[in-house]
Amino acid sequence: MTRRLTVAQALVTFLAHQYTERDGRRQRLIDACWGIFGHGNVAGIGQALLESEGALPYLQGRNEQAMAHAAVGFARQRDRLAAHAVTTSIGPGATNLVTGAALATVNRLPVLLLPGDSFATRPADPVLQQLEHPGAGDVSVNDCLRPVSRYFDRITRPEALIPAALQAMRVLTDPAETGAVTLALPQDVQAEAYDWPEEFFADRVWHVRRPAPDPAATADAATAVRAARRPLIVAGGGVHHSEAEDALRALVEATGIPVASTQAGKGSLRHDHPADVGGIGHTGTAVADELARAADVVIGVGTRYSDFTTASATLFAPGVRFVNLNITSFDAHKLAALPLVADARAGLRALTEALAGYRVPASYESEYAAGKAAWEAEVERAYAVADPGARPGQAQVLGALDAVVGDEDVIINAAGSLPGDLHKLWRARSRRQYHLEYGYSCMGYEIPAAIGVRLAAPDRPVWALVGDGTYLMMPTELVTAVQEGIAIKVVLIQNHGYASIGGLSEAVGGERFGTAYRYRAPDGTYSGDPLPVDLAANAASLGMAVLRARTAGELRTVLAEARAADRPTCVYVETETADSVSGAPPAQAWWDVPVAETATRPAAVRARRDYERHAAARRRYLGT
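Residues numbered from 1 in each chain as written. Predicted model: local features only at pLDDT ≥ 70, side-chain atom pairs only at ≥ 80, totals over all residues. Heavy atoms only, no water.

Moving on: the sheet that holds strand 23 (residues 569-574). Pairing between the strands of a sheet comes from backbone hydrogen bonds, and it takes one of two forms, parallel or antiparallel. The strand order across the open sheet formed by six strands is 19-18-20-21-23-22, and the pairing between neighbours is parallel. Each edge of the open sheet is held by one strand with a lone partner, namely strand 19 (434-436) and strand 22 (545-549). When the angles between neighbouring strand axes are averaged without regard to direction, this sheet yields 20°. Taken together, the five bridges between strand 20 (residues 462-467) and strand 21 (residues 489-494) define a ladder with parallel strand orientation. Residue pairing for strand 21: tryptophan 463 is matched across the bridge by lysine 489. (Pairing = 2+ DSSP bridges. Helix = DSSP H or I, 4+ residues; strand = E, 2+ residues; numbered from the N terminus. Axes fitted to C-alpha atoms, helices over the stretch in contact; angles between N-to-C directions.)

Below, the structure is given as C-alpha cells:
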C-alpha cells in the first residue's frame, strides 16, 4: 500500500506519528512546528501544515533565531523527550537559524530545523536569494548549518526523505548524540509528489535508553572515591536531563559527599539540602570553590567542564583525580578521568551501591556546613534593601523575586551580569526552576525560551530575566506571547548598557570602552547622558501588560502582581548605573580572558600583570 503525497506533506505526516518512551512514559516527539513563511517553504511545508488540519500544530514566530530558542526552551523543560520543529524560507530565513542551531547543539538539546533550500533541479540559476559558489554548484547558504548540527541532510529526491527522516529521529532521541538536526528542503522538492509506503506513516516509538556503566569501570570509580577524604561532586545538566536528582540525593545522603553545580546543573539538589554548596567555578560560591581547590577526587556527573566551571583550568589542585559519569564518551574522558559512560541516573545508582558503607570524615561535613552557612549570610547581605525609596541593585531585584516565587516557578536567563549573580545567589527550589542557558550564553534567548518553557509546562509560572542589552537584541517574540495568550512574566532590568561586559572590560584594561548606552560626549566617547529610551513603553506597544517598579520598596509588590497575572506581563525596573549594577559578591575564581601583551594605557598594563599572575596557575590534568 502506498499514499501519494508531496515531500512536505509526507514529512509533516511522518512527524505527527513519532513518539518517545522512557521509563514507560510515552509522549509525542515533535509536539509542534514553528514557522515563518517565504517563497522557499510557503507552498511546501506551509501548505502541508495547512493540509494536516492540526495533526502537527503550527506556531507563528517573528524571528527565525527566536523560534529556535523557543524550541530549545521547550525541549529542555521536557527533559529532551519532546521537541519542536522550526521551518523557514531560503536565504536569510535559513541563515537566521545558525545561532539557534549552535545553541541547541552546544547544550545537547534537540531541535528539528527544516529550512527551505534553493532548487534541486536548477530550472533557473540563480533563483531569488540563492548563494552562488563559483567552485561548487551544490553549495547553498544552508551549508552554514552543517558545523552547528548534529545531523544534516539535503533532500534532493523525494525517496531520500525516508532514510533521512529516520536518521533525524534517531539523533534527536539519542541522549549521547542529540542537538540541532537539519533537513534542508529544496523548494521544488518540497512540492514534488511521490508514492510513499504506508509503513512510513505508522506510529513509531523511539525508546530513550538508559545505559548502565561497565561493572569494572564502576569498581574502579568506587575504589578511587573510597580512597578520598575530600571528594566533591560537580553536578551538570545531565543530572536534569536524566531525571537523576533523586539518585544524586540518595548518593550524597549515604556518603556525605558535597555537591557543587554548574549553571546547567543548579537545582540538582534543593538549595537547602545540607550537601548543596552552590555554584562552582568563576561564578560559583566561596564554599564550593574552596572545596574544589582542596578536593582529592572530583566526581563529575553530566558536565562537560566548561572554562567557567574549571576557572579556566586553575580551580582544581594538581594531582586531583577525576571520575566522570557521562552518557557521552567524549565528556566522560575529559581531564584524564576514570570514565563512567552511562546514563546519569543508572550510573549514580550503580555508584551508590558500589560505595555502600563509605562516608566522608565528619570533620569534612562540618567544614562544608560552616562554609555553606557563611555563604548564605552573604546571600542575605546581597539581597538586603538598605533604602526602600532608592533604586534597587540587581542583587536586590533577585532578592525580591526570591521572596515572591514558589517551588513551581521557572527562572530563565542566558547572558550579561545576571548569570553570575544567579549562579552565586539564587536559591533553587525544584529540579527545573533554574533555567540558565550558559553553554552558548546567547543574548536574546530568554523571551522566546520562556514561551517554549510555558508551552511545555503551562501550569508553571515562567519568568524571563533580561537586561536592556538583551531586550534590545530580540524583543519580537513578546508579540507571539501576546498573540497566543502565553502568560510569561518578563523582568526587564534597565541599567543603561552592557553591564557585564563593562565590568569585564574594566578588569582587562578596556576601561568600559563601548559598553554604555549613552550619548556621545565631546571627547568622542559614549560618556554623555543616558539615552532617553523607554523600554517599558516599547513592551507595552507590543501588547504586554507593563508594571513599573520605581523603587526597591515597590518591587516585591509589583513582582507579586505580575506572578498573579493571567496574561503576558512585563515588570520594568531601573537599577543602579551599569558600573555598579550587581552588588553580589565578587568572582571567587579566575576566568581566562587574554589581555593585551603590550599597551601604553596604564589600565591595560596593570591588567596584563594581573593576567600573567593568574595564568601562571593554569595546569593540565593528566591523571596518574
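Still more ground to cover, so stick around.
Glancing now at helix 1 (residues 7-15). Because an α-helix packs 3.6 residues into every turn, residues spaced three or four apart end up facing the same way. Of all nine residues that make up helix 1, nine are buried, and the element is covered over most of its length. For helix 1, the set of buried residues is Val7, Ala8, Gln9, Ala10, Leu11, Val12, Thr13, Phe14 and Leu15. (Buried < 20%, exposed > 50% of the residue type's maximum accessible area, 1.4 Å probe, protein only.)

What follows is about unusual backbone geometry. Note the cis peptide between aspartate 125 and proline 126, where omega equals 10°. Looking at the element boundaries, proline 126 is found in the loop between strand 7 (111-117) and strand 8 (151-154). Phi angles above zero are rare outside glycine, and aspartate 23 is one such case at about 55°. Mapped onto the fold, aspartate 23 is located in the loop between strand 2 (18-22) and strand 3 (25-28). Looking at aspartate 23, the relative accessible area reads 39%, which means it is partly exposed. In this structure, glutamate 53 is a non-glycine residue whose phi angle is positive, near 55°.

With that settled, the discussion passes to the side chain of histidine 241. Assignment of secondary structure puts histidine 241 in helix 9 (residues 237-241). Histidine 241 sits in the buried class, given a relative accessible area of 9%. The residues touching histidine 241, leaving out its near neighbours within four places in the chain, are Arg22, Asp79, Arg80, Asn107, Leu109 and Arg432. (Contact = heavy atoms within 4.5 Å.)

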